[in-house]
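# Structural overview
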Amino acid sequence: MKRASIRASLLIIVVALVAGVVAYAGLLPSYWVFLATSVLITGVALQSLGLVAGRTGMIALCQMSFAGVGAWTVGYLNIAEAPGGLAAWVLAGGLAAVPFGVAIGLPALRLRGINLAIVTLSFATAFDTILATITYPGQTDFLQVPRPELFDTDEGYFVFVLLFYAGIAIALEFLSRSRLGAAWLAVRHSERAAAAHGVRIATAKLSAFAISAFVAGISGGLLAGYLGTLVSDNFGMMQSLSLYAVAVMTGAHFAEGAIIGGLLVVMFPEILRRLDWPQDIGNVLFAVGATQALSTGETMSETFRRQLRKLLPAHAPKAAKAVARELPPAVRHAAGPALAIEGLTVRYGSVVALNDVSLTVAAGTVAGLIGPNGAGKSTFIDAVAGFLPAYEGRIRLAGKALEGMAAHRRAREGARRTWQTNRIAPELTVGGYLVLAAKGLSASETRALLDWLDCPHPDTPVVSVDAGTRRLLDVAGVVAARPAVVLLDEPAAGQSHEETLRLGQRIAEIPKLFGSAVLLVEHDMDLVRAVCSEVTVLDFGQVIASGPPARVLEQGAVKKAYLGIEEESAAA
């Protein structure tokens, strides 16, 4: 992961050096340098929007309001003759925008989609109204924001802005490959799946809004130095709407996407002006482009990257063969039952999904939970993992009561689950998913764990992985965390017979290699017989049998639950 970030950062640095030399050496006309500086400032604003919209999947229509806060702060510090110069003022402007970002992020904890869009648009409208009644510091006195002495020319200021753009792009690159960055993508794809890995959804969303506001505030400060004096029209609501459309169209969460968006925002009006066409045409085309990106599920940046991968020679390195000492070391959990369920009852109105279910998973064992479709197995997993609003009974994990704990807290305590359907964010890499699922894995441990389950190399994009392998990757994620108990929800679905046999061997090894007990929910009876020491059978939400698989699977009540006929009728 770090190598990929370093490679991307080096590319950003090389491109920035070339652009800086070209501009500073006077190889471009001053007017084009002036426009290029505007492209970079717009790119910074787009990077902020790409973080909250592109990475976390939330609609934010007030980004230019955050930029306005940053610009106002720079103007005020200029009048106050604060020390530090423009560079320090710009950073202060970014920090000043953070509380506003957090305040706007609070509704995102409960609102999504159009409702969140209305809230952020309302903030932009209110900010627009406030700006119309006040003036920016220095506006009436025509007091311009001074540029740093070393960068006081147009070419110099281009380099100054370029340094900020490259620094932000590199920081976001490393952040995107961290666990927080993986959490943002997971939240965008499935909040439930993110919580199942211990991600606190509120923290992920608020951090995205806070960092996004900080970057947007920086763009406003840079604009203050670029124009010298500002007016409220520089940060209007329509600018925020246009910026959002461009961010969606170009994929502003990528460094190149932000530059492409900056070029469109700056150059398109210039082209329309020279053609003497109405400026509103640009906004219409941006809206069409955003609609196209949303309908196809692919931004301009993602299209370019996909085409580039086709042109480059295929390179799919294979992880070295794993040995036991390279796998993450087993974690010692408390002795006694890893999971103890007493009298679990779940009701949906008048429907009883689970009725007085009791079950125990001993530490260091693999237990099975089986039953026909609709028996209540998935409801049981949801209750244990914390995804039900209410239930009756007691759930204890390694002796600790889980009642009142949210899903992410239960995951952190040691109750990890997989899903029947794929919920892995396709934007992640295979290694990035393990970074999300488990903290502190070394590169060798990550490769060894993936090879242990026949998963692809860590650098492989999840989007290129087939559905069956994604299920194995889901198992690898929960195993990597080495929790007290692993809840596997039909992991063999989509696997061939040979793959299921190998998966069974790996599931049987989990308690010894990683220290985790396993509760396996599965329809494949051969797999259940092969790996489980105890089996509990559910039918219509009630336990109808429990004990060793050889004995339980031969009981008449169990055969009737699966076949729907009495044992005597089957024999006849």
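Since this is a predicted model, take the numbers as computed values, not measurements.

## A few points about the pairing of strand β9 (residues 534-539)
Of all six residues making up β9, five are buried, and the element is well covered by its neighbours. Here strand β3 (residues 366-370) pairs with β9 via four bridges, running parallel. Residue pairing in the sheet places A367 in a bridge with E534 of β9. As paired elements, β9 and strand β10 (residues 542-547) share five bridges and run antiparallel to each other. Each residue of the ladder has a partner; that of D539, found in β10, is Q542. Between β9 and β10, which follow one another and run antiparallel, lie two residues, and F540 among them has a positive phi close to 50°.

## Here's the deal with the packing of aromatic side chains
According to the stated counting rule, one finds 13 aromatic pairs in the structure shown. Between the aromatic rings of W72 and Y76, the centroid separation amounts to 5.7 Å while the plane-to-plane angle is 5°, which identifies the pairing as stacked. Taken together, the residues span about one helical turn, with W72 and Y76 both in helix α3 (residues 63-79) at a distance of four residues. Each ring, one from F100 and one from F123, has its centre 6.5 Å from the other, and the planes form 45°; the classification is tilted. Of the two residues, F100 is situated in helix α4 (residues 85-105) and F123 in helix α5 (residues 113-133); the sequence distance between them amounts to 23 residues. A relative accessible area of 18% places F123 in the buried class. In this structure, R147 packs its charged tip against the face of Y157, placed 4.6 Å from the ring centre.

## Brief notes about the domain arrangement of the protein chain
Taken domain by domain, the protein chain comprises domain 1 (1-311) and domain 2 (337-563). On the domain 2 side, the residues contacting the 20 residues of domain 1 number 25 residues. A combined buried area of about 2,100 Å² lies between domain 1 and domain 2, and 62% of that area is made up of carbon and sulfur atoms. The largest share of the area that domain 1 buries against domain 2 comes from R179, R192 and H197, three residues that together contribute 32% of it. There are two salt bridges connecting domain 1 and domain 2.

## Focus: the side chain of T379
On the secondary structure map, T379 appears in helix α14 (residues 377-385). Beyond its immediate chain neighbours, meaning those up to four positions away, T379 contacts V346, Y348, A353, L354 and L388.

## A look at empty space enclosed by the protein
Within the structure shown, the criterion is met by three cavities of 30 Å³ or more. For the largest cavity, the lining is made up of 13 residues, of which A193, H197, R423, I424 and Y433 are closest to its centre. Contributions of two or more residues to the lining of the largest cavity are made by α8 (191-196) and α16 (430-437). Among the residues forming the lining of the largest cavity, the class breakdown is nine nonpolar, two polar and two charged.

## Some points on the sheet that holds strand β7 (residues 485-489)
The six strands are arranged β6-β7-β8-β3-β9-β10 in an open sheet whose pairing can be described as mixed. Two strands bound the open sheet, and with one partner strand each, they are β6 (415-417) and β10. Sheet twist, expressed as the average angle between the axes of neighbouring strands with direction ignored, equals 20°. Taken strand by strand, α14 contacts β3, β6, β7, β8 (517-521) and β9, and its axis lies near 145° from that of β8.

## Side note on the nonpolar core
Core analysis: the biggest nonpolar cluster contains 141 residues, and L222 and F235 have the highest contact counts within it. Counting the residues that make up this core, at least three belong to each of domain 1 (1-311) and domain 2 (337-563). In contact with F235, not counting residues within four places along its chain, are M64, A67, G68, A71, D128, L131, Y136, G220, L223 and L230. Of all hydrophobic cores here, the second largest spans 31 residues; its members include L354, L369, L397 and A517.

## Thoughts on the environment of M405
Within the secondary structure layout, M405 lies in the loop between β5 (400-401) and α15 (407-413). In this structure, M405 is in contact with K400, R410 and E413, ignoring residues within four places of it in sequence.

## Brief notes about the sheet that holds strand β1 (residues 337-348)
Strand order in the open sheet formed by four strands is β2-β1-β4-β5, and the pairing between neighbours is antiparallel. Here the strands that pair on one side only, and so sit at the sheet edges, are β2 (351-362) and β5. Bridging between β1 and β2 involves eight bridges; their strand directions are antiparallel. Residue pairing for β2: L344 is matched across the bridge by V357. Its contacts with the sheet place α14 against β1, β2 and β4 (392-397), and it is angled at close to 115° to β1.

## A closer look at unusual backbone geometry
Backbone geometry follows two general trends: most residues other than glycine have a negative phi, and most peptide bonds adopt the trans configuration. Located in the positive-phi region is A398, a residue other than glycine, with phi close to 50°. Take A398: it is sitting in the loop between β4 and β5. Within the chain, F540 stands out as a residue other than glycine whose phi angle is a positive 50°. Inspection of the secondary structure assignment puts F540 in the loop between β9 and β10.

## Remarks on the environment of G374
In this fold, G374 is placed in the loop between β3 and α14. In this structure the C-alpha to C-alpha distance between G374 and F540, which are 166 residues apart in sequence, comes to 6.9 Å.

## A short note on the layout of surface pockets
The space that makes up the second largest pocket amounts to roughly 820 Å³. Taken together, 31 residues form the lining of the second largest pocket, with T42, Q239, V265, V266 and P269 sitting closest to its centre. Contributing elements (two or more residues each) for the lining of the second largest pocket: α2 (30-55), α3, α9 (201-227), α10 (237-250), α11 (255-275) and α12 (280-296). No other element matches α2, which puts seven residues into the lining of the second largest pocket. Residue composition of the lining of the second largest pocket, by class: 17 nonpolar, 10 polar and four charged.

The rules behind these values
- Residues numbered from 1 in each chain as written.
- Predicted model: local features only at pLDDT ≥ 70, side-chain atom pairs only at ≥ 80, totals over all residues.
- Heavy atoms only, no water.
- Buried < 20%, exposed > 50% of the residue type's maximum accessible area, 1.4 Å probe, protein only.
- Helix = DSSP H or I, 4+ residues; strand = E, 2+ residues; numbered from the N terminus.
- Pairing = 2+ DSSP bridges.
- Phe/Tyr/Trp six-rings, centres within 6.5 Å; stacked < 30°, edge-to-face > 60°.
- Lys NZ or Arg CZ within 6 Å of the ring centre and 35° of its normal.
- Domains from an automatic or database assignment.
- Contact = heavy atoms within 4.5 Å.
- Buried area = accessible area lost by both parts, 1.4 Å probe.
- Salt bridge = Lys/Arg side-chain N within 4 Å of Asp/Glu carboxyl O.
- 1 Å grid on protein atoms, 1.4 Å probe; cavity = no way out; pocket = protein on both sides within 12 Å on 5 of 7 lines; lining within 4 Å.
- Points joined across faces, edges and corners; volume = space filled by probe spheres on them.
- Nonpolar A, V, L, I, M, F, W, Y, C, P; charged D, E, K, R; others polar.
- Axes fitted to C-alpha atoms, helices over the stretch in contact; angles between N-to-C directions.
- Core = buried A, V, L, I, M, F, W, Y, C linked by side-chain atoms within 4.5 Å.

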